[in-house]
Protein chains: 2
Amino acid sequence: MSRKIIVAAAQVGAVHKGAEKKETVERLIKLLHEAAEKKVQLVVYPEATLTTFFPRHFIEDQEELDKYFEHGEDITQSSDVKPLFEEAKALGIDVSIGYAERTPESTGYNTSVYYSASADKIISKYRKVHLPGRVEPFEDPNATNQLEKRYFKPGDLGFKAFRASGLVQDALKKSASTANSENTDGKGDPIMGMLICNDRRWPEAWRVYTLQGAEILMFGYNTGSHMSHLWGSANTMTPEEQEKEALFHSRLVQQANSYMNACFSISAARCGVDDGKYDLIAGSSIVSPEGQVLAEAKTKEDELVVAEIDLAECRKGKEKTFDYGRHRRIEAYSLITEQTGVVEPPLLD
Amino acid sequence: MSRKIIVAAAQVGAVHKGAEKKETVERLIKLLHEAAEKKVQLVVYPEATLTTFFPRHFIEDQEELDKYFEHGEDITQSSDVKPLFEEAKALGIDVSIGYAERTPESTGYNTSVYYSASADKIISKYRKVHLPGRVEPFEDPNATNQLEKRYFKPGDLGFKAFRASGLVQDALKKSASTANSENTDGKGDPIMGMLICNDRRWPEAWRVYTLQGAEILMFGYNTGSHMSHLWGSANTMTPEEQEKEALFHSRLVQQANSYMNACFSISAARCGVDDGKYDLIAGSSIVSPEGQVLAEAKTKEDELVVAEIDLAECRKGKEKTFDYGRHRRIEAYSLITEQTGVVEPPLLD
């Protein structure tokens, strides 16, 4: 009855402003080799993995800005990134990776793709729906910007769950100790979905995926450790307290949404200190459908976080407390899709 | 700019099967007196506070079953419960309390009301939307049932946020140290909502309230510590591990949903060991809009958990990360209200 696979979050440490994509991809491949040694079948890389997190900068020069984006139709054919997918194919490892995507219409998206080694192609693409930040830079030239709303459009592909073939069967081949007797569920291929960074804080995103039966959600993130400038003068926390709170929130939403959606989640941080001053939280982790942390990063550097997971463990939640068909009451939820912002009840006299 | 009020969760320990409502109400009044001494303005009592948690029993005798319900149109006029509301009025304390409601049409609901001391009446009623459990009892006569779906209908009042008058102003009167300079927000009366028990695990419920601007969500719960029979033979945890996990889940969803909805939450447990064998978790708590626990129960008995909260602290979340108007993308959420249960993607070949 078990459906075991071995998965990993590939945490990526500092990527400075001038870093060459080629060098960064070499780091990603090194993590992929470690994954192969550990019989990992799926590696999840962070959001916008290939460059520094450029939305923190106000970039007016279009040519400079364009360098942060991937421009081709198929990222597996991008000259800098191609070696990663070739290695993934050779090793038989599925890969999810985030990058900045420029379409032929010159639209920018914060994108993530899922590469299936058995299919040897991208089988799913996701474009970040919940873009944080602002369109306009802060007036204070020393403030750290968050300009995703300037450089990207909200994703136009929705939250589309997909099946990845070969993973559960591969477990059979690769490790006798994790053998699955049979796909007695009649659905051996896991149902998966991708989120990106800030999406993880929005329960709507998780729910749309698990309404399609998702068993694994994957996401990368670039999350600042110190964001006091975004909160105004009211914030009196020290940098250490701010980092602790940022990590707490990140972990809290991952654990709770995994539990409330009865799914595994794999999160991969771009972390460390970029350019000697932009500090990003780490905390990459693999969380169970009961909301428990199964494995987590110990560093703020390149690090592979590995766990063997049994997809059958989703069933306890999906068939009891969170059996949507028996318990959800959509007639009471209409505001969620009718109304974007807040409409308050009238003031009392 | 601050809008401070003092609130409390009134945790209620064991209530055995034969307990007289009158005696239970005396315990509730004792907690109310303690609240008054501590200048509390709002007390939140548990779910189905007035009796033992009867949905754990398969009751075939209608007369016996009816005793667990309140039958009048207005619970403030119910002879057993009236003294509680009289005392609340005398002390100037708002009260939220859960009970089993029987309507004139003989329908049962798991209900909660909000009594405003300044209005001296019930100003809001909520009927539990997410009923857990089953309609039919377990075949095993030793199993603990969960028959809410048998005894109650799903709530038909939706999640309707409301304003409670007098609370913020009362803070001004009662304590110079917590004085609010002025209601500079132009909305001094807090926006509130009620959930009941299992509702807290459903992010849809929280979201519908905070789409109406809710700043405080209140809920009571009766949550079993040991539910292994519900999970089948796969569960190998000890009773202690089960209680720890049940508490972990309860706290996790409260903290995460408070954070993701930028609201305070007040949770009150019916807890302890009913009839010497039915063990319920405690853990009543008050949680901030950042998801931090501000105060929590130390016992599994009658206990008042008190915190002073500043409603202005909701604004950080509501105006930045969770500014719905700027960040939500309802075009991507349609499955949430279109589809009750799961629709999986097709199987691969």
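Residues numbered from 1 in each chain as written. Chains lettered and ligands numbered in written order. Predicted model: local features only at pLDDT ≥ 70, side-chain atom pairs only at ≥ 80, totals over all residues. Heavy atoms only, no water.

Attention now moves to the overall build of chain A. Along chain A, the regular secondary structure elements total 11 helices and 14 strands. Relative to a compact globule of 349 residues, whose C-alpha radius of gyration would be 20 Å, chain A shows 20 Å and is just as compact. Taking the principal axes of its C-alpha atoms as reference, chain A extends roughly 60 × 60 × 40 Å. A burial count over chain A gives 60% of its 349 residues as buried. Long-range contacts, defined as pairs at least 24 residues apart, comprise 71% of the intrachain contacts of chain A with a sequence gap of at least 6. In chain A, which carries 43 positive and 54 negative side-chain charges, the distance between the mean positions of the two groups comes to 4 Å. (Helix = DSSP H or I, 4+ residues; strand = E, 2+ residues; numbered from the N terminus. Rg over C-alpha atoms; globule rule 2.2 N^0.38 Å. Buried < 20%, exposed > 50% of the residue type's maximum accessible area, 1.4 Å probe, protein only. Contact = heavy atoms within 4.5 Å. Lys, Arg positive; Asp, Glu negative; His and termini not counted. Charge placed at Lys NZ, Arg CZ, Asp CG, Glu CD.)

Overlaying chain B on chain A yields an RMSD of 0.0 Å, the required transformation being a rotation through 180° with an accompanying axial translation of 0.0 Å. Considering both components of the superposition, the chain copies are consistent with a two-fold axis. A shared interface surface links the copies, since 100% of the contact residues of chain B are contact residues in chain A too. (Least-squares fit on C-alpha atoms with pLDDT ≥ 70 in both.)

This next bit is on the packing of helix α6 (residues 203–210) of chain A against helix α6 (residues 203–210) of chain B. Closest axis-to-axis distance for the α6(A)/α6(B) pair is 10 Å, and the angle between their directions is 140°. In terms of orientation, α6(A) and α6(B) fall into the oblique class. In the crossing of α6(A) with α6(B), the sense of the turn from one axis to the other is left-handed. From α6(A), A:Pro203, A:Glu204 and A:Arg207 reach across to α6(B), where they touch B:Pro203, B:Glu204 and B:Arg207. (Axes fitted to C-alpha atoms, helices over the stretch in contact; angles between N-to-C directions. Parallel < 35°, antiparallel > 145°, perpendicular 65-115°, else oblique. Left-handed = near helix turned anticlockwise from the far one by under 90°.)

One finds A:Phe159, A:Met218, B:Phe159 and B:Met218 to be the most contacted residues of the largest nonpolar core, which totals 121 residues. Apart from residues lying up to four places away in sequence, A:Phe159 is in contact with A:Tyr126, A:Val129, A:His130, A:Leu195, A:Asp199, A:Ala205, A:Val208, A:Tyr209, A:Gln212, B:Ala332 and B:Tyr333. (Core = buried A, V, L, I, M, F, W, Y, C linked by side-chain atoms within 4.5 Å.)

In this section: the sheet that holds strand β13 (residues 293–296) of chain B. All names here are of chain B. The strand order across the open sheet formed by six strands is β6-β7-β8-β9-β12-β13, and the pairing between neighbours is mixed. The sheet is open, and its two edges are formed by β6 (162–163) and β13, each paired on a single side. Bridge count between strand β12 (residues 285–287) and β13: three bridges; the pairing is antiparallel. Directly across from Ile286, in β13, lies its bridge partner Ala295. Contacting β7 (191–196), β8 (216–222) and β9 (264–270), α6 crosses the sheet at an angle of about 160° to β7. (Pairing = 2+ DSSP bridges.)

For the coordinates displayed, the defined rule picks out 52 salt bridges over all chains. The partner of B:Lys128 in a salt bridge is B:Glu47, and the shortest N-O contact between them spans 2.8 Å. Taken together, the residues span a long stretch of sequence, with B:Lys128 in the loop between β5 (121–127) and α4 (148–151) and B:Glu47 in the loop between β2 (42–44) and α2 (62–66) at a distance of 81 residues. Across the pair, exposure class does not vary: B:Lys128 and B:Glu47 are buried alike. We note a salt bridge from B:Arg329 to B:Glu331, for which the minimum N-O separation is 3.0 Å. Take B:Glu331: its relative accessible area is 51%, and that puts it in the exposed class. Overlapping salt bridges, with partners in common, bring together A:Glu101, A:Lys125, A:Arg127 and A:Asp156 in one network. (Salt bridge = Lys/Arg side-chain N within 4 Å of Asp/Glu carboxyl O.)

Residues and elements named next belong to chain A. Examined against the element boundaries, Tyr114 turns out to sit in strand β4 (residues 108–116). Its relative accessible area of 0% is what places Tyr114 among the buried residues. In sequence terms Tyr114 and Arg150 are 36 residues apart; their C-alpha atoms lie 25 Å from each other. A polar contact is formed between the side chain of Tyr114 and the side chain of Asp94, at a distance of 2.7 Å. (Polar contact = N/O pair within 3.5 Å; in protein donor to acceptor, adjacent residues only side chain to side chain.)

All names here are of chain A. A positive phi angle, near 60°, is found at Lys39, a position not held by glycine. Relative to the assigned elements, Lys39 resides in the loop between α1 (21–37) and β2 (42–44). Within the chain, Ala48 stands out as a residue other than glycine whose phi angle is a positive 40°. Checked against the element boundaries, Ala48 lands in the loop between β2 and α2 (62–66).

This brings us to the state of the cysteines. Tallied over the entire structure, the rule returns zero disulfides over all chains. Left unpaired, A:Cys197 is separated from the closest cysteine sulfur, that of A:Cys271, by 13 Å. In this structure A:Cys197 comes out as buried when scored by relative accessible area, which is 5%. Cysteine B:Cys314 remains unbridged, with the sulfur of B:Cys263 as its closest cysteine sulfur at 6.8 Å. (Disulfide = S-S within 2.5 Å.)

So, on to the interface of chain B and chain A. Each partner contributes residues to the interface: chain B has 71 residues there, and chain A has 71 residues. Put simply, chain B and chain A have eight salt bridges between them. Among the ionic pairs, A:Glu204 bridges to B:Arg207, the shortest N-O distance being 2.6 Å. Viewed at the interface, chain A and chain B are joined by 35 residue pairs in polar contact (both at pLDDT 80 or more). Among the elements of the structure, α6, α7 (228–231), α8 (239–260), α10 (324–327) and α11 (335–338) of chain B are those that each provide at least two residues to the side of chain B that touches chain A. With 10 residues, the top contributor of residues to the side of chain B that touches chain A is α8(B). The residue inventory of the side of chain B that touches chain A, partitioned by class, reads 33 nonpolar, 21 polar and 17 charged. (Nonpolar A, V, L, I, M, F, W, Y, C, P; charged D, E, K, R; others polar.)

Of all eight residues that make up α6(A), eight are buried, and the element is covered over most of its length. Within α6(A) the residues assigned to the buried category are A:Pro203, A:Glu204, A:Ala205, A:Trp206, A:Arg207, A:Val208, A:Tyr209 and A:Thr210.

With that settled, the discussion passes to the packing of aromatic side chains. The description of two aromatic rings rests on the distance between their centres and on the angle between their planes. Scanning the entire structure with this criterion turns up 28 aromatic pairs over all chains. Residues A:Phe54 and A:Tyr151 carry aromatic rings whose centres are separated by 5.7 Å and whose planes lie at 45° to one another, so their mutual orientation is tilted. In this pair, A:Phe54 sits in the loop between β2 and α2 while A:Tyr151 sits in helix α4 (residues 148–151), placing the two residues 97 residues apart along the sequence. Each ring, one from B:Phe54 and one from B:Tyr68, has its centre 4.7 Å from the other, and the planes form 20°; the classification is stacked. (Phe/Tyr/Trp six-rings, centres within 6.5 Å; stacked < 30°, edge-to-face > 60°.)

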